[in-house]
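What follows is the residue order along each chain.
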Amino acid sequence: MNAQPLERQGILRKVQQVIRQAAPDALEKISYGMPTFWQGKNLVHFANFKNHLGFYPTPPAIEHFAQELAGFKTSKGAVQFPYAKEIPYDLIEEITRWQVARQIKGE
């Protein structure tokens, strides 16, 4: 994260911390060039972009949390959280916990 712009490093570290708390047994690694949390499979990825934080929790998570994500740009497996708005750390944590629960169930 030290390679990211200084003004984004705090946000990225907070996202990393929130995910780590939600997935304490997950392995942190780099996958697809992004910080990734892996627990038998990829749980979530995140990345810094010019105007938004990219969050990649898998297509089932996007579908499951569609109502909560309604105010954000989404695609099949990605969410864009604009830096112009407050980053929804609680939602990131909730989605990550949901991903962990799915992994434990073997989904």
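Residues numbered from 1 in each chain as written. Predicted model: local features only at pLDDT ≥ 70, side-chain atom pairs only at ≥ 80, totals over all residues. Heavy atoms only, no water.

Enquirer: What's the story with the nonpolar core in this structure? I'm lost.
Expert: As a rule of thumb, soluble globular proteins bury nonpolar side chains together. Counting residues in each nonpolar core, the largest one holds 26 residues, and the members touching the most others are Leu53, Phe55, Leu69, Phe81 and Ile92. At the level of secondary structure, the elements contributing two or more residues to this core comprise α1 (6-22), β3 (42-48), β4 (52-56), α2 (59-64), β6 (79-82) and α3 (89-105). A total of five residues in this core trace back to one element, the largest contributor, which is α3. Every residue in contact with leucine 53, bar those within four places of it in the chain, is listed here: Leu12, Val15, Phe46, Ala47, Val79, Gln80, Phe81, Tyr83, Ile87 and Ile92. (Core = buried A, V, L, I, M, F, W, Y, C linked by side-chain atoms within 4.5 Å. Buried < 20%, exposed > 50% of the residue type's maximum accessible area, 1.4 Å probe, protein only. Helix = DSSP H or I, 4+ residues; strand = E, 2+ residues; numbered from the N terminus. Contact = heavy atoms within 4.5 Å.)

Enquirer: Which parts of the structure should I look at to understand the sheet that holds strand β1 (residues 27-31)?
Expert: Paired through backbone hydrogen bonds, the strands of a sheet run either parallel or antiparallel to each other. Ordered in space as β1-β2-β3-β4-β6-β5, the six strands form an open sheet in which the pairing is antiparallel. Two strands close off the open sheet at either side, each with one partner strand: β1 and β5 (73-74). Across four bridges, β3 lies against β4 in antiparallel orientation. Paired with histidine 45 across the strands is tyrosine 56, a residue of β4. Lying over the sheet, α3 contacts β3, β4 and β6, oriented at roughly 150 degrees with respect to β3. (Pairing = 2+ DSSP bridges. Axes fitted to C-alpha atoms, helices over the stretch in contact; angles between N-to-C directions.)

Enquirer: Sorry, what's going on with the packing of aromatic side chains here?
Expert: When we look at a pair of aromatic rings, we describe it by the centre distance and by the angle of the planes. Under the definition given, this model contains three aromatic pairs. Consider the rings of phenylalanine 65 and tryptophan 98, whose centres lie 5.7 Å apart with planes at 90 degrees: the pair is edge-to-face. In this pair, phenylalanine 65 sits in the loop between α2 and β5 while tryptophan 98 sits in helix α3, placing the two residues 33 residues apart along the sequence. Residue class for phenylalanine 65 comes out buried when judged on its relative accessible area of 3%. Between phenylalanine 72 and phenylalanine 81, the aromatic rings sit 4.8 Å apart at their centres with planes inclined by 85 degrees, giving edge-to-face as the arrangement. (Phe/Tyr/Trp six-rings, centres within 6.5 Å; stacked < 30°, edge-to-face > 60°.)

Enquirer: Looking at this model, I keep getting lost on the side chain of asparagine 48. Mind explaining?
Expert: Among the structural elements, asparagine 48 can be located in strand β3. Classification of asparagine 48 by relative accessible area gives buried; the value is 18%. A polar contact of 2.6 Å, which involves the side chain of asparagine 48, links it to the side chain of tyrosine 83. (Polar contact = N/O pair within 3.5 Å; in protein donor to acceptor, adjacent residues only side chain to side chain.)

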